Each structure stands twice: as structure tokens, then as C-alpha cells.
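# Examination of the molecular architecture
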Amino acid sequence: MRRWNGWGDEHVNYALPVSAMPFLLKELGLSKPSKDAHLAELAAAVPPSRLPDHPLVSTDQVDRVLHARGQSLPDWIALRSGYVSNFPDGVAYPATNVQVRELLEYAQRAEARVIPYGGGTSVVGHVNVLPGVAPVLTVDLRRMNRLLDLDGVSQVATFGAGVLGPDLEAQLRAHGLTLGHYPQSFELSTLGGWIVTRSNGQQSLGYGRIEAMFAGGRLESPAGTMLLPAFPASAAGPDLREMVLGSEGRLGILTEASVRVRAVPEAEEFRAVFFPDFRSGQEAVREMMQARVPLSMLRLSSEVETETTLALAGHERLVRLLKGWLRLRGVGGNRSMLIIGLTGSEASVSLGRQQALDLAGNHGGVDVGRLLGNEWRKSRFRTPYLRNTLWEAGYALDTLETATHWSDIPRMVGVMEETLRTGLHDIGERVLVFSHLSHTYPSGSNVYTTYLYRIPADGDPEETLRRWHVLKTAASEAIVAAGGTITHQHGIGTDHRSYLPDEKGALGMEALRTSYKRFDPSGIMNPGKLIE
Ligand SMILES: Cc1cc2nc3c(=O)[nH]c(=O)nc-3n(C[C@H](O)[C@H](O)[C@H](O)COP(=O)(O)OP(=O)(O)OC[C@H]3O[C@@H](n4cnc5c(N)ncnc54)[C@H](O)[C@@H]3O)c2cc1C
């Protein structure tokens, strides 16, 4: 069963290793858990639905709580404390395109707003119910989860857009195929959600971004149905898939999606290399990208992230031995860890390994083999569970991300980290901040920054939220001022909305508004998200 106020399956826990508590005490100070609200109490406080009855619409209070918020830190604060003020008036679980159309027509008649809902893993407020007089219908696509068509010769598969990551991969693996899209939220996020938020998988370096995988599909909008035929390529004017990518539920509901798949790779390995510092690691990674080394993943951790990863890994004795050995090889206290993913044929894995290790060696990189790489692979979808454990120990965790050119990466990392680290100094609170580069390109990289701070001693949710707001605003403004995109992979939702005009310009914003109006003349689709 899925946790209603945290991450993942409620039977899965990620206990903090013994070495973690002294580390957190040193970095942030002692904290204590705050009191959680109960689902039944919150459900009892849900107001009566404003929607007329419909056989496809559930107005059950628990259903409405479970669809009220996503997975951002403000969502966690609201759900954990029970301070949720807006709920959908109803939740529908359509199983066919016909039912989706019926629901859109019903919503128009009822003058309701519609929020498409995939896995609810948004971290920027995409699925949240905003205050307003109109009733709100959340359309959860979980029943549209089947493999509908497979052209094995052309390697194109069509799925119901509500399919979850593990179900999608299982249906493909039965045919010896894979999509290879593995966001960290893989376990709970959906194909449709990935497409409309422009999500990025951990191995995007090898498999490509979702934009490259999305070949076509079916969009049900209030103005009608838009079919996007899947061609290998086309020069027939502007590509309408680009309108759907990143549309965040504003255009309509993506009910089916065709994706380009491939054979399950013959070989795969993950290994770790340690550099004397983050800067030399950045140089090596840039050179690997610009030399087009055949890799499926690069994840380079800053000095603090490397230290934090080793502290949270447990295995104290092994880590001590590793550090001692690295010191002898010239890699000391400022070490920066790179996880390298190699995926493909035996020959391409071997070639990639050799080229990557040669380039790493030129920058003082020391290969430590596959042990830490295998650890990373094993816990790649488990790490988000740590957020539950940290919260329960009294620490709030959030992440921020951007992308910029290589020439600006060191400055961007510095600006983001310094802004967050000093963000709560006025109240005497420390913030633990660390970064990594995990989606790299020949011209630049994303910067992914994690920050942790203490939940106030009395557990006051308003103060926890205020702290988040101070940090998030300062860091977002710093990203935009430093010339980075407001988001590399999480999308806009509500939390990044005010920064979008900086990136698109006045004419660009107007073009988006005008085209959305053509698909959704009365503005019922997910209003308040992406654009005003
Ligand atoms: C722990 C954690 C780790 C994460 N890791 C990553 C990561 O590695 N990479 C990454 O890119 N993101 C990551 N995310 C963010 C999130 O998982 C992605 O944005 C994901 O694509 C959202 O998919 P979803 O199915 O959960 O969509 P939802 O959260 O349900 O919805 C997101 C938006 O898409 C719309 N939508 C959903 N389905 C449809 C549809 N079929 N038709 C029309 N609109 C639709 C919704 O209305 C909403 O606006 C992470 C989130 C968490 C909590």
C-alpha cells in the first residue's frame, strides 16, 4: 500500500545507518520528530463535494485526500501536519478514451476544473487543487495502463498513458524490449506524466530524454481529439508533439502514447571513480561528453555530497579503508565521486569504459571498480525513502535543479549552494547543501542541489513552510539571475510559474496562452499551473 503522506510503499523503510546521526548532529544540530496527522481525521474534514453525481466520479473523502497534493516539500508539510485546505470535489478513474471524453464533457457542463493525474509524484505543485469557486475533478489515469500495440520490427510500442514505470518495463521486457526511462520516481510515476512534464531518466545519457522517446499519441482536449501519428521522422511543418511535451495538463489529457523502444541491452555496469576535487571531476566529465564517449550515465557528486553519501552508506569499516586507500593515491578530503554507467553491447561497454577511465585518469581520477556503482544501482529507487526517515528524525529535505553551459557550471554551483547555505542564518539555523551533475551534454549540464534543514522544535508547519519558502525563493531567483533555466527536469507547476516569463519572454508567453485557449476555450484544464 502506498504511503498517503510520504514516499513509496508503506512496508519499505530506509533506516538511517549508525554513522548518519552523528553526521546530521554535526551538520545541522539535534532535531526532533513532529506529530503526524491521521488520514481518517483529514478525511473527516473534507467538505461536501460541489460536483453533480456521475457514475464515473468518486466523491469518497479518502480518495479526495489522496489526490489533493503531490510530493513537493510544501505538499509533505501539508499532508504530515493535516493543514490541507483544498481537495478535489471528485476523482474519476476512466478506463477508455470514450470515458475520458465523457468526463471532459461532464466537467464542461458542471463548469468544473479538471486536473489530469498520473502518479502524483510532481514536486512543483502540478496536481494540487487551488482555491476557487469552481468545483474540481481530478482524472486519475491509473486504469489506462496496458500495452495497446507493439510493432516489434520497428520497435515502437503504444501504451495507455497511465502506465507506471515498473508496469511499462515489465510489459516490454516480456518481449525482450526496454524503454530505459528511469527517473528516480520510476516506481510511482507514469508515462503520461513523464511526457507532459519533460521528465528525465537517470540514464538519459544513453537512452535519451523523454522527448526523444515520445513518438506520437492521442490527446483528448475540451476542443476535441488530437491524434499525433508516430513517424520515424517528418518534415511536415512544426512538430505538434512539442506542444504536448511540457504541457502539464493544460492542453488536455494524453490518453495514449507511442514510444521508441529498444532491445534489452546485452551488458551493463556501473562503476565509481574518485577525483581529487569537484572541479577536476567537472573537467573530466565535460571532456567525456565532448568526446562522445558511449556512456549511459554520469553522476558527479560535489565534495559535500560525496561525504554525505559515504556517511549515509553505512559500511563504516569499508568506507574507512576506501578513504585510506584513496589518500595513498592522491585523493584526499576534497574527493568527488563519479558514478559511470555503461550500457549496450559488450564491445561498446568495453570501449566506453576504456575511454572514460583514460579521460578520468588525465584529471587525477582513481577508478575503484564496481562495488560502489553496484550499491548505487541497488538503491537507485530506494533513496527517496530516506526522505521519510529524515522527516521522521526532524529534518526536511528538498531539491532544486537547473541547467547551464559548462563555462558557467562552477559559478552556478557556487551561487546555488551559497544562497541555500546562508539562507536561514538570520534565525541561527544551518542548512546542509550539496550538489551533483547527473544529466550532462556536450554543451553543459544540469546542476541538482539537495538541501536539508531542521523542522522547528515545536513542529510548527507554518514555520517549516516559511523556511522552505525563504530558501526556495532565494535560490530560484539566484538561478535565474545567474542565467540558468528555472528547471531542467521537474517542470513548472505552480512553484516555478513566476519565473517562466524570464525564459519565454512576453511574446512567447502570449503564444502559449493563445494556443492553450484553442484547445481549451473555457480554461478548464489544470488552471493556475504552468501559466497564469
Ligand atoms: C522522489 C522523487 C524523485 C523524482 N525523480 C525525478 C527524476 O529523476 N526525473 C524527473 O524528471 N522527475 C523526477 N521527479 C518528478 C516527477 O516524478 C516527474 O515530474 C514525473 O514526470 C511526474 O509523473 P507523474 O505520473 O507522477 O505525474 P503527476 O505528478 O501525476 O502529474 C504531473 C503533471 O502532469 C499532468 N499529467 C499527468 N498525466 C497526464 C496525462 N496523461 N495527460 C495530461 N496531463 C497529465 C498533471 O496534470 C500534472 O500537471 C521526482 C519526484 C519525486 C517525488
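Residues numbered from 1 in each chain as written. Predicted model: local features only at pLDDT ≥ 70, side-chain atom pairs only at ≥ 80, totals over all residues. Heavy atoms only, no water.

### Digging into the site of the ligand
Rule in force here: Nearness of a residue to a molecule or strand requires only that one of the residue's heavy atoms be within 4 Å of it. A 3.5 Å cut-off defines polar contacts: any pair of N or O atoms within that distance qualifies, except that in protein one atom must be a possible hydrogen donor and the other a possible acceptor, and neighbouring residues in sequence count only when both atoms are side-chain atoms. Residue burial considers only the protein chains on display, and all accessible areas are found by Shrake-Rupley using a 1.4 Å probe. A helix here means a DSSP run of H or I that spans at least four residues, while a strand means a run of E at least two residues long, and both kinds are numbered starting from the N terminus. Three residue categories are used. Nonpolar comprises Ala, Val, Leu, Ile, Met, Phe, Trp, Tyr, Cys and Pro, charged comprises Asp, Glu, Lys and Arg, and polar comprises the others, including Gly.
Neighbouring residues of the ligand: 35 residues in total, closest Pro116, Gly118, Thr121, Ser185 and Thr190. A distance of 2.6 Å separates an oxygen atom of the ligand from a polar atom in the backbone of Pro116. A distance of 2.6 Å separates an oxygen atom of the ligand from a polar atom in the side chain of Ser185. If the ligand stood free it would expose 970 Å²; the protein chains cover 97% of that surface. Listing elements by their share of the shell around the ligand, those giving two or more residues are strand 3 (113-117), helix 7 (191-197) and strand 10 (253-260). Among the elements that line the shell around the ligand, the one with the most residues is helix 7, at five residues. Here the residues of the shell around the ligand sort into 13 nonpolar, 21 polar and one charged.

### Re the packing of aromatic side chains
Let me state the cut-off plainly: Stacked, edge-to-face and tilted are the three classes for Phe, Tyr and Trp ring pairs, Trp counted by its six-membered ring, which pair at centre distances within 6.5 Å; planes under 30 degrees apart are stacked, over 60 edge-to-face, the rest tilted. Each ring is checked for a lysine NZ or an arginine CZ that lies within 6 Å of its centre and within 35 degrees of its normal; such an atom marks a charge sitting over the ring.
Per the counting criterion, the structure on display carries six aromatic pairs. Measuring from centroid to centroid gives 6.4 Å for Tyr182 and Phe381, while their planes differ by 45°, and the two rings are tilted. One end of the pair, Tyr182, is in the loop between strand 7 (177-178) and helix 7; the other, Phe381, is in the loop between helix 15 (371-379) and helix 16 (385-392), with 199 residues separating them in the sequence. Joined through ring pairs, the aromatic side chains of Tyr182, Phe186, Tyr207 and Phe381 make up one cluster. Here the basic side chain of Arg380 rests over the ring of Tyr182, its NZ or CZ set 4.8 Å away from the ring centre. Across from the ring centre of Tyr14, 4.3 Å away, lies the NZ or CZ of Arg382, which sits over that ring.

### Brief notes about helix 6 (residues 165-173)
Convention followed: The buried label goes to any residue with under 20% of its type's maximum accessible area, the exposed label to any with over 50%, and the partly exposed label to all in between, with areas taken from a 1.4 Å probe on protein chains only. An arc is given here, and it is the one of the directions from the helix axis to the C-beta atoms. The contact definition used throughout considers only heavy atoms, calling two residues in contact when any of these lie within 4.5 Å.
Considered for burial, the residues of helix 6 that qualify are Gly165, Leu168, Glu169 and Leu172. Around the axis of helix 6, the buried residues are gathered within 95° of arc, so they sit on the same side. Where helix 6 is buried, its residues meet strand 6 (156-160), strand 7 and helix 7.

### Considering the side chain of Ser19
For Ser19, the location among the structural elements is in the segment before helix 1 (20-28). Under the relative-accessibility criterion, Ser19 is labelled buried at 15%. A distance of 2.6 Å separates a polar side-chain atom of Ser19 from the backbone oxygen of Ala311. Apart from the residues within four sequence positions on either side, Ser19 is in contact with Ala311, Gly314 and Glu316.

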